[in-house]
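Analysis of the macromolecular model
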Amino acid sequence: MTEQLRLMAVHAHPDDESSKGAATMAKYVSEGVDVLVATCTGGERGSILNPKLQGDPYIEEHIHEVRAKEMAEARDILGVKQEWLGFVDSGLPEGDPLPPLPEGCFAVQDVDEAAGRLVKLIREFRPHVVTTYDENGGYPHPDHIMTHKITMVAFEAAGDPERYPEAGEPWQPQKLYYNQGFNRQRTQALHDALLERGMESPYGEWLERWHTMGRERHLTTFVPCGDFFEIRDKALIAHATQIDPDGGWFRVPLDLQREVWPTEEYELAKSLVGTSLPEDDLFAGIRNN
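Residues numbered from 1 in each chain as written. Predicted model: local features only at pLDDT ≥ 70, side-chain atom pairs only at ≥ 80, totals over all residues. Heavy atoms only, no water.

**Here we look at the overall build of the protein**
Formally: Here a helix means four or more residues in a row that DSSP labels H or I, a strand means two or more in a row labelled E, and each is numbered from the N terminus. In this scheme, a residue with accessible area under 20% of its type's maximum is buried, one over 50% is exposed, and one in between is partly exposed, where area comes from a 1.4 Å probe on protein chains only. Should any heavy atoms of two residues lie within 4.5 Å, those residues are considered in contact. Neither His nor the chain ends is counted toward charge; the positive residues are Lys and Arg and the negative residues Asp and Glu. In this description, the location of a charge corresponds to atom NZ of lysine, CZ of arginine, CG of aspartate or CD of glutamate.
A tally of helices and strands in the protein yields 10 helices and seven strands. Across the 289 residues that make up the protein, the buried fraction comes to 50%. Contacts in the protein between residues at least 24 apart in sequence constitute 80% of all its contacts with a sequence separation of at least 6. Taken together, the 28 basic and 50 acidic charged side chains of the protein have centroids lying 3 Å from each other.

As structure tokens, this is what we get:
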């Protein structure tokens, strides 16, 4: 291809872009790919997960502004562009039975209507590749599941001039992927490597209850991006309300990660171009067309 390649990553909340596919995005930015993160919600109902910041009255009162500032810092670290779709965080309901979702939140929107915002952004940015979550949301947060739903509609509709005619000139992305960075293969490999070196593993309980977390996904695409793990971690730490820099995210040394598992993984969900699996490039089949 002679034109610049473009990648769009559709995420539910600020911080998701840094915990899912961040090293991949940084790698592609370094290669001159134009990368845009579409963030569906502002993360307004996200809990303050960093114990060092819990109980801060300013953060609690201004969580929306704080998380937007964190997103801006992470965006700059990764070198990506970013747009807000403007939906309101649904929160993660807890209890048995689960309480109803808040009125007006993202997860209760009409899917086809909500997808219109993403169709507009796709037609403006014109990505060749789109990434998002699988039908389970990666994990069953209502905003992650809703992100999957609107992305599936938008991927199909963006190239159809009869759908969302008010959203701009049609554009059809060529490939759609699900983020699958949290997979059993990677987790087991890192767990085993830590134990072999006499180190403590943070993954023991995860692996013991993995069978309760749904079916195994079909990993199709392994993007080599170990050189960008440090940038990924810096972007993640920028989301200070969500991430404890002394927490479990960072217990596996980067050198060990690069040695044992230097890729980020994806599941090819839709492709309008020919490609051979497994892949090592989200743009496989597109670069040479």
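**Observations regarding the side chain of His141**
The residue His141 is located in the loop between strand S4 (129-132) and helix H6 (142-157) in this model. Dropping the residues within four chain positions of it, His141 is found in contact with His13, Asp89, Gly91 and Leu92.

**Some points on the pattern of salt bridges**
Condition: Whenever Lys or Arg places a side-chain nitrogen within 4 Å of a carboxyl oxygen from Asp or Glu, that contact is recorded as a salt bridge.
Inspection of every chain in the model, using the stated rule, returns 18 salt bridges. Two residues, Asp34 and Lys81, come together in a salt bridge whose shortest N-O distance is 3.1 Å. With Asp34 in strand S2 (residues 34-41) and Lys81 in strand S3 (residues 81-87), this residue pair connects regions lying 47 residues apart in the sequence. Here Asp233 makes a salt bridge to Arg232, at a shortest N to O gap of 2.9 Å. Judged on exposure class, the residue Asp233 and its partner Arg232 are both buried. Beyond isolated ion pairs, a larger network of salt bridges with shared partners links Lys27, Glu31, Asp281 and Arg287.

**So, the pairing of S2**
We count it as follows: At least two DSSP bridges between two strands are required for those strands to pair.
S2 sits mainly inside the fold: eight of its eight residues count as buried. Note: S2 against S3, five bridges, orientation parallel. Bridge pairing links Ala38 to Glu83 in S3.

By themselves these figures say nothing about function.
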